[in-house]
There are 2 protein chains.
Amino acid sequence: MSLLVVGSVAFDSLKTPYGREDNILGGSATYFSVTASFFAPVNIVAVVGEDFGEQELRVFFGRQIDLQGLERAPGRTFRWRGEYDGDMNQARTLETQLNVFETFSPKIPKAYVDSRYVFLGNIDPPLQLEVRRQLPKARLVACDTMNYWIQRKPEDLKRTLAEVDLLVINEGEARMISGIDNLKRAAAEIRKLGPRIVVVKRGEYGACLFMDDCIFFAPGYPLEQVHDPTGAGDSFAGGFMGHLARTGEHSESNLRRALVYGSVMASFSVEEFGLRRLLRLTPAEIEARLAEFKSMTHFDV
Amino acid sequence: MSLLVVGSVAFDSLKTPYGREDNILGGSATYFSVTASFFAPVNIVAVVGEDFGEQELRVFFGRQIDLQGLERAPGRTFRWRGEYDGDMNQARTLETQLNVFETFSPKIPKAYVDSRYVFLGNIDPPLQLEVRRQLPKARLVACDTMNYWIQRKPEDLKRTLAEVDLLVINEGEARMISGIDNLKRAAAEIRKLGPRIVVVKRGEYGACLFMDDCIFFAPGYPLEQVHDPTGAGDSFAGGFMGHLARTGEHSESNLRRALVYGSVMASFSVEEFGLRRLLRLTPAEIEARLAEFKSMTHFDV
C-alpha cells in the first residue's frame, strides 16, 4: 500500500574515524525513501534547491519512489556538516544551513491524498500536524522528532503526538519527552500523549517496541565496523514502515517483524558512507540478515 | 552435576535512590550460590570471619549448598560500602575492608575435587588459577574478573584466561582487556587468550554470548524499578552456570538457554535490596520469567 514520507533532502558533509566526505546526498526523506522502497512504493514530500541536479535525482531512479511531491525552490538545498568520534553514537553538528528548508511548507500532491501509511520525518511539529491532517485515509501515521523540538516546542509537539499512531525516537529523546529515566515507564508516559505504539531506538543496543501489553526487543546487529551512522534512524524507519506498508497489517506479530526489518536496514545503512551501501543492497541480502537476527535472538525453552 | 564456586562472602552497606541498608549479607560467592542452587547442588569455597554467625549462615540452609569449603578465619569478614546514583549502572565504592579476605588462600575440600562445573569468582587471578589446577575433572571452568585486576595484574590474568573455558565480564571490562572498542572484535580478541566462550554483560541492555561462529543476544528484563544492582553479575553467573550444571550439556542451544536463565536470575536479584528477592524466589517464577524473555525476543519470519 502507498507510503508517504515528509522530511528533509540535504547535502551532508561528514567526518568519522573512517574518513570524510563532503556534500553527499542525505536527509531524512532520502534515507527513508531509499530504504522503504525495497518494500513498497514511496511518495516523497520534500524540498530541494537549484543546486539539486540530475546527478542527485538519479539516486531515486529505478526505485519505486514517486517524486511528484519533491518541490524545487529558489535558493540552495539544506546543508549539514557534522562529525562523529569515539563511540559514534552521537553526531556533533558543526554547521547547519537551512536554506530552502527554512521556509518549507509541505504540499501534498493530489495523488498522495489517499496515502495509507505515513512517516512524518523530523521537521517542525506544526508542519507534521498540518501534513497529518491532509491525509484523512491514513491507516498508520508514524512520526519522528528530536531534542531541538522537545525543548523548544513542547506544546506543539504534544499536539502532533495527540494525532499520530506511532512515535519512533531514540532512548535519550524518550527520557526527555517523558521526564522519566526508566525506559518502560517512559514509554508508558509517552503512550498517554497519543501514540498507541512507541518504538525506541538504542543505537548499538538495538531497538524496542511498546504496544498494548507487549514489549519486544531487537538487538543491534554486531557489525565489526560502523563507518557512518548518519541516516541510521531514518533507514530504520524506512524498513519498519516499508514492511508495514507492504503487508498492510498491524498485528503485534507483524510489528515485531517490522522492528527487525528496521534494524536490518539501519545495520546496512551504517556500513558505508552516506547512501552508498543502500544503493547496491539487494532483497536477498535483506532476507539473509533478517534470518541472522532470528538466529541471534531465538532460543528453545 | 556438581558446581563449585570460589569467591567472596561479605557484609555490604549500600545506598541507592531507593534506600540504604547496612551490613547485609553479600559477596560474589553468596549471590552465585543462592541463585545457582535453584538449578544444581553448589559447593562453596570462601572465607568468613568470627563476626559471621548463625543468622548469616541461615541464608544457605534449606538450599542445596554445601558449606564444607566455607572457611572460618580469625578476624572480621570482608566488608564493602558503596552507593549508586542516577543510572544505577556503576557502583561508587566508598570503603573496602578486606579483613580475612586479604590473606584468603582457597582450600578445596577433598569432596569437591571431582567438581565438574566451576565458577572462579572475581578474586586475585593467581588464586583463580590455583583453584582451577586443583580441579582436574572440571568439564567447564568459567571465570569473572574486574578492572582492578585487568589494570594491575594483566600478565597473571592472561595466565588464568589461558586455562579457562569461559569468561563472564561486563562490556567495559571486555574493552579494557582487549583494547578494542568494537564488541564483536573485542570478544574475538579475548577468545584468542584462551576462553572458548565469552559472555558479555551489558547491564540494562542485557547480555551476549560469543562462541564458535555464534553470537546470541538476550535483552535486559524491562523492570520498572531497579532497587539495588549489587550482585546482579554474580546472580547472572549463578543462573548461567546453574543451568549448565543441571543439564550437563554444552551445546550452543543449551548455552543460549543458559544465557537467558542468567538474565532471569539477574533481573530478580536487582528487584530488592541484597538477597531479599532471591530468598523468596520460586522455581515457578523463574520459569514464568524465562517464558517472558521468549515472548520479548521471538518473532516469526
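Our structure is the block above this text.
A. Focus on the overall build of chain A. When helices and strands are counted, chain A shows 11 helices and 14 strands. On C-alpha atoms alone, chain A measures out to a radius of gyration of 18 Å, which is about the 19 Å that the 2.2 N^0.38 rule sets for 301 residues. Of all 301 residues assigned to chain A, the portion counted as buried reaches 59%. About 11,800 Å² of surface is accessible on chain A, with carbon and sulfur atoms providing 48% of the total. With 36 positive and 40 negative side-chain charges, chain A shows a separation of 3 Å between the mean positions of the two kinds.

B. Focus on the packing of aromatic side chains. Scanning all chains against the criterion turns up 19 aromatic pairs over all chains. Ring geometry for Phe101 of chain B and Phe104 of chain B: centres 5.5 Å apart, planes at 20 degrees, overall stacked. On the accessibility criterion, Phe104 of chain B (6% relative accessible area) is buried. Aromatic rings pair up to connect Phe78, Phe101 and Phe104 of chain A into one cluster. Over the ring of Phe268 of chain A we find Arg289 of chain A, and its NZ or CZ is 3.8 Å from the ring centre.

C. Summary view of the sheet that holds strand S2 (residues 10–16) of chain B. All names here are of chain B. In spatial order, the strands read S3-S2-S7-S8; together these four strands make up an open sheet with mixed pairing. The sheet is open, and its two borders are formed by strand S3 (19–26) and strand S8 (92–97), each paired with just one other strand. Shown here is a sheet whose adjacent strand axes are inclined to one another by a mean of 15 degrees, direction ignored. Of the pairings in the sheet, the one linking S2 to S3 comprises six bridges and is antiparallel in character. Note that in S3 the partner of Ala10 across the bridge is Gly26.

D. Spotlight on the packing of helix H9 (residues 252–269) of chain B against helix H11 (residues 283–297) of chain B. Residue and element names in this part refer to chain B. For the pair H9 and H11, interaxial distance at closest approach is 9 Å and the crossing angle is 115 degrees. The handedness of the crossing between H9 and H11 comes out as right-handed. Residue-level inspection shows Val260, Tyr261, Ser263, Val264, Met265, Ser267 and Phe268 of H9 in contact with H11, the latter providing Glu285, Ile286, Glu287, Arg289, Leu290 and Phe293. Counted by class, the contact of H9 with H11 contains eight nonpolar, two polar and three charged residues.

E. Examining the interface of chain A and chain B more closely. Each partner contributes to the interface: chain A provides 31 residues, whereas chain B provides 31 residues. A combined buried area of about 3,300 Å² lies between chain A and chain B, and 54% of that area is made up of carbon and sulfur atoms. Counting every contact that joins chain A to chain B gives two salt bridges. When the shortest N-O distance is used, the salt bridge between Arg175 of chain B and Glu204 of chain A registers 3.7 Å.

F. Geometry of helix H6 (residues 171–178) of chain B. Residue and element names in this part refer to chain B. Buried within H6 are the following residues: Glu171, Glu173, Ala174, Ile177 and Ser178. Each buried residue of H6 sits inside an arc of 160 degrees when the element is viewed along its axis, so together they form one side. Along its buried surface, H6 packs onto helix H4 (147–152), helix H5 (154–161), strand S11 (166–170), helix H7 (183–192) and strand S12 (197–201). The N-capping residue of H6, defined by a side-chain oxygen 3.1 Å from the backbone nitrogen of Gly172, is Asn170. Backbone geometry just downstream of H6 places Gly179 in the positive-phi region, at approximately 70 degrees.

G. Fine view of the side chain of Thr30 of chain B. All names here are of chain B. Within the secondary structure, Thr30 is located in helix H1 (residues 28–36). At 2.8 Å, the side chain of Thr30 and the backbone oxygen of Gly26 are in polar contact. Non-local contacts of Thr30, meaning those with residues more than four positions away in its chain, are made with Ser8, Val9, Leu25, Phe60 and Leu275.

H. Spotlight on the relation of the copies chain A and chain B. Once turned by 180 degrees and shifted 0.0 Å along the axis, chain A lies on chain B with an RMSD of 0.0 Å. As the rotation angle and translation indicate, the two copies are arranged about a two-fold axis. The residues that chain A uses at the interface reappear at the interface of chain B in 100% of cases, marking a shared surface.

I. Inspection of the side chain of Arg257 of chain B at higher detail. Within the secondary structure, Arg257 of chain B is located in helix H9. The side chain of Arg257 of chain B is buried and forms no salt bridge, while Glu249 of chain B, the nearest opposite charge, is found at 4.5 Å. A polar contact of 3.2 Å, which involves the side chain of Arg257 of chain B, links it to the side chain of Asn254 of chain B. Apart from the residues lying within four places of it in its own chain, the contact partners of Arg257 of chain B are Phe299, Asp300 and Val301 of chain A together with His243 of chain B.

J. Up close: the pattern of salt bridges. Enumeration according to the criterion identifies 42 salt bridges over all chains in this entry. Between Arg280 of chain A and Glu272 of chain A there is a salt bridge whose closest N-O contact spans 2.0 Å. Assessed through its relative accessible area of 47%, Arg280 of chain A is described here as partly exposed. The residue Glu285 of chain B makes a salt bridge to Arg277 of chain B at a minimum N-O spacing of 3.0 Å. Arg277 of chain B gets classed as buried once you look at its relative accessible area, which sits at 7%. Through salt bridges with shared partners, a single ionic network connects Glu171, Arg175 and Arg202 of chain A together with Glu204 of chain B.

K. Highlighting the pairing of strand S1 (residues 3–6) of chain A. Residues and elements named next belong to chain A. Burial along S1 is two-sided: Leu3 and Val5 and Leu4 and Val6, pointing in opposite directions, are all buried. As paired strands, S1 and strand S9 (residues 117–120) are joined by four bridges and run parallel to one another. Counted as the bridge partner of Leu4 is Val118 from S9. Of the pairings in the sheet, the one linking S1 to strand S4 (residues 42–48) comprises four bridges and is parallel in character. Residue pairing in the sheet places Leu4 in a bridge with Asn43 of S4.

What counts and what doesn't
Residue numbers run consecutively from 1 along every chain, following the written order of its sequence. Whichever chain is written first is A, and whichever ligand is written first is 1; the rest continue in order. At least 70 in pLDDT is required for a residue's local features to be given in this predicted model, at least 80 for side-chain atom pairs to be given and counted, and no such filter applies to totals for whole chains, interfaces and linings, which use all residues. Here the side-chain values reflect all heavy atoms present in the structure, with hydrogen atoms and water set aside. The numbering of helices and of strands both runs from the N terminus, where a helix is a DSSP run of H or I of at least 4 residues and a strand a run of E of at least 2. Using C-alpha atoms as the atom set, the radius of gyration is obtained and then compared with a globule rule of 2.2 Å times the number of residues to the power 0.38. Only protein chains enter the accessibility calculation, which uses a 1.4 Å probe. A residue is then buried if its area is under 20% of the maximum for its type, exposed if over 50%, and partly exposed in between. Methods summary: accessible areas were calculated by the Shrake-Rupley approach with a probe of 1.4 Å, and residue burial reflects only the protein chains presented. Neither His nor the chain termini are counted; the positive set is Lys and Arg, and the negative set is Asp and Glu. Every charge is mapped onto a representative atom, which is NZ of Lys, CZ of Arg, CG of Asp or CD of Glu. Side-chain rings of Phe, Tyr and Trp, where Trp is taken by its six-membered ring, are said to pair if the distance between their centres is within 6.5 Å; with planes under 30 degrees apart they count as stacked, over 60 as edge-to-face, and otherwise as tilted. Here, over-ring charges are defined by two tests on the NZ atom of lysine or the CZ atom of arginine: distance to the ring centre within 6 Å, and angle to the ring normal within 35 degrees. Pairing between two strands requires that DSSP report at least two bridges joining them. Lines fitted to C-alpha atoms define the axes here, with helix axes fitted over just the stretch in contact, and angles between the N-to-C directions of these axes take values from 0 to 180 degrees. The sense of a crossing depends on the near helix, which, turned anticlockwise from the far helix by less than a right angle, makes the crossing left-handed and, turned clockwise, makes it right-handed. What makes two residues a contact is simply this: any of their non-hydrogen atoms within 4.5 Å. Each residue is assigned to one class: nonpolar for Ala, Val, Leu, Ile, Met, Phe, Trp, Tyr, Cys and Pro, charged for Asp, Glu, Lys and Arg, and polar for all the others, Gly among them. Buried area is understood as the total, over both parts, of accessible area removed when two parts are fitted together, assessed with a 1.4 Å probe. Here a salt bridge means any side-chain nitrogen of Lys or Arg lying within 4 Å of a carboxyl oxygen belonging to Asp or Glu. The reported arc concerns the directions from the helix axis to the C-beta atoms and nothing else. Side-chain atoms alone can form a polar contact between residues adjacent in sequence; in general such a contact is a pair of N or O atoms within 3.5 Å, and within protein one must be able to donate a hydrogen while the other accepts it. Here the copies were fitted onto each other by least squares, based on C-alpha atoms from residues at pLDDT of at least 70 in both.

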